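# Descriptive analysis of the structure
In case you want the letters, here they are:
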Amino acid sequence: MTDRPSDLPEGEPTEAPSPEGAAPDGFGDAAGEITDATEVEAQVEGDAVAGSDPGTADDPGVEPGQEQDEVFALRGNVASLTNDLQRLQAEYANYRKRVDRDRQLIADSASYKALVPVIEVLDTIDRAKEHDELDGGFKAVADQLERVVAASGLVRFGAPGDAFDPTLHEALSHLGTDDEVEVTTIKHVAKSGYTMGDRVVRAAQVLVVDPVEG
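Residues numbered from 1 in each chain as written. Predicted model: local features only at pLDDT ≥ 70, side-chain atom pairs only at ≥ 80, totals over all residues. Heavy atoms only, no water.

### Notes on the packing of helix α2 (residues 66-130) against helix α3 (residues 136-151)
Cut-off, in case you're wondering: Comment: axis = line fitted to C-alpha atoms, over the contacting stretch for helices; angle = value between 0 and 180 degrees taken between N-to-C directions. The helix count covers DSSP runs of H or I at least four residues long, the strand count covers runs of E at least two residues long, and both are numbered beginning at the N terminus. Should an angle lie under 35 degrees it is considered roughly parallel, over 145 roughly antiparallel, and from 65 to 115 roughly perpendicular; all remaining angles are considered oblique. Two helices crossing with the near one rotated counterclockwise from the far one by less than a right angle form a left-handed crossing, whereas a clockwise rotation gives a right-handed crossing. Residue contacts are counted whenever heavy atoms from the two residues lie within 4.5 Å of one another. Three residue categories are used. Nonpolar comprises Ala, Val, Leu, Ile, Met, Phe, Trp, Tyr, Cys and Pro, charged comprises Asp, Glu, Lys and Arg, and polar comprises the others, including Gly.
Where α2 meets α3, the axes come as close as 11 Å, and the angle between the chain directions of the two elements is 140 degrees. The pairing of α2 with α3 is recorded here as oblique in orientation. Between α2 and α3 lies a crossing whose hand is left-handed. Mapping the contact onto sequence places L115, V118, V121, L122, I125, D126 and K129 in α2 and A142, D143, L145, E146 and V149 in α3. A breakdown of the residues in the contact of α2 with α3 according to their chemical character gives eight nonpolar, no polar and four charged.

The following block contains the structure:
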C-alpha cells in the first residue's frame, strides 16, 4: 500500500496524468479554431467558384433562354399594338371621308330642293329673251337671278351647234339632215339643261339634225 504524499491537503483528488501524445493545456481549443477557420475559407472560395456573382448562368432565378423569350414576347406585343393603331387610324380616316361625303350630299340635296323650282322661272326668262320682251328693270332682275343660281352650283348647258349627247340631251325631234355637220347636232334648244356638280338636274330638250350619209 502506497502512502499518500503528506504535502497534499486531505480530501483533494489527485489529477490523472495526461494521455500520451495529448496536446498541452490550452492548445486543444486553438486547434479547433484553426480547423473551423480553414473550413469557412474553403466554403467561401467554393461559393465564388460556383458562380455566386449575380447575373451568372448558375443563378437559379434565371433559366436558360428566358431573357430571349421575354424579348421575343415584347416584340410581338409591340407589333400587335402597332397593327391595332394602324387599323384604328385607317378606320378613322374612312369615317371622316364618309362624314364629309354625307355632309356634302346633304348640302347638295338642300340646294337641289331650293333651286329646282327656280328652273321654271329661268325657262320663262329664256322665252322672254327670245321674244325681246325682257328689258329695263326686269332684265336687271333676270340677270341677277341667273348669277345667283349659277353661284349656287346650278349650271346651264345646251346650245345650238353642240354635239348631241343622249346622257345630257333629250331629242324632241329630228329636223332631217345637214351637210354641214358630221355627227348628230343640236339645231334648236327648246329648254336648257341644268347640272349641279356631277348630277344632271334636267336634261336639255333639243331639236337635232343628222349628218348626210356618205
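Don't stop here, the text continues.
### Thoughts on the nonpolar core
Spelled out, the test is: By nonpolar core is meant a set of buried Ala, Val, Leu, Ile, Met, Phe, Trp, Tyr and Cys residues that side-chain atoms within 4.5 Å join together. Accessible area is worked out with a 1.4 Å probe on protein chains only. A residue is then buried under 20% of its type maximum, exposed over 50%, and partly exposed in between.
By size, the foremost hydrophobic cluster in this structure holds 13 residues, and its most contacted members are L122, V149, L154, Y194 and V201. A total of six residues in this core trace back to one element, the largest contributor, which is α2. Setting aside residues no more than four positions away along its own chain, V149 makes contact with L115, V118, L122 and L154. F157, I186, A204 and V208 belong to the second-largest nonpolar core, a separate cluster that totals six residues.

### Some details on the sheet that holds strand β6 (residues 204-211)
Quick note on the threshold: When DSSP finds two or more bridges between two strands, those strands count as paired.
Read from one edge to the other, the open sheet built from three strands follows the order β2-β6-β3, with strand pairing classed as mixed. Every other strand in the sheet has two partners, leaving β2 (169-178) and β3 (185-191) as the edge strands with one partner each. Neighbour to neighbour, the strand axes of the sheet diverge by 25 degrees on average, direction disregarded. Two strands pair when backbone bridges link them, and β3 and β6 are joined in this way by five bridges, in the antiparallel orientation. Looking across to β6, one finds that K191 is bridged to Q205.

### Considering α3
Applicable threshold: Helix span, as expected, comes to 1.5 Å for every residue beyond the first. By construction, the arc corresponds to the directions joining the helix axis to the C-beta atoms.
Over its 16 residues, α3 extends 23 Å from the first C-alpha to the last, a length consistent with the 22 Å expected when each residue adds 1.5 Å. Of the positions making up α3, those classed as buried are A142, E146 and V149. For α3, the angular spread of buried residues about the axis comes to 70 degrees, placing them on one side. More than 90 degrees from the buried face of α3, the exposed residues found are G136, G137, V141, R147 and A151. The elements touched by buried residues of α3 are α2 and β1 (154-157). Once α3 finishes, G153 follows within two positions and takes phi at roughly 105 degrees, a positive value.

### Description of the side chain of R202
The following threshold applies: Between N or O atoms, a polar contact is any pair within 3.5 Å; within protein, one atom must be a potential hydrogen donor and the other a potential acceptor, and residues adjacent in sequence are included only when both atoms are from side chains.
As for its placement among the helices and strands, R202 is situated in strand β5 (residues 199-202). Using a relative accessible area of 16% as the deciding quantity, one classes R202 as buried. Of note is the side chain of R202, whose polar atom sits 2.7 Å from the side chain of D123. Within the structure, the side chain of R202 is placed 2.6 Å from the backbone oxygen of S192, a separation counted as a polar contact. Excluding anything up to four places from it in sequence, R202 contacts I119, E120, D123, F157, K191, S192, G193 and Y194.

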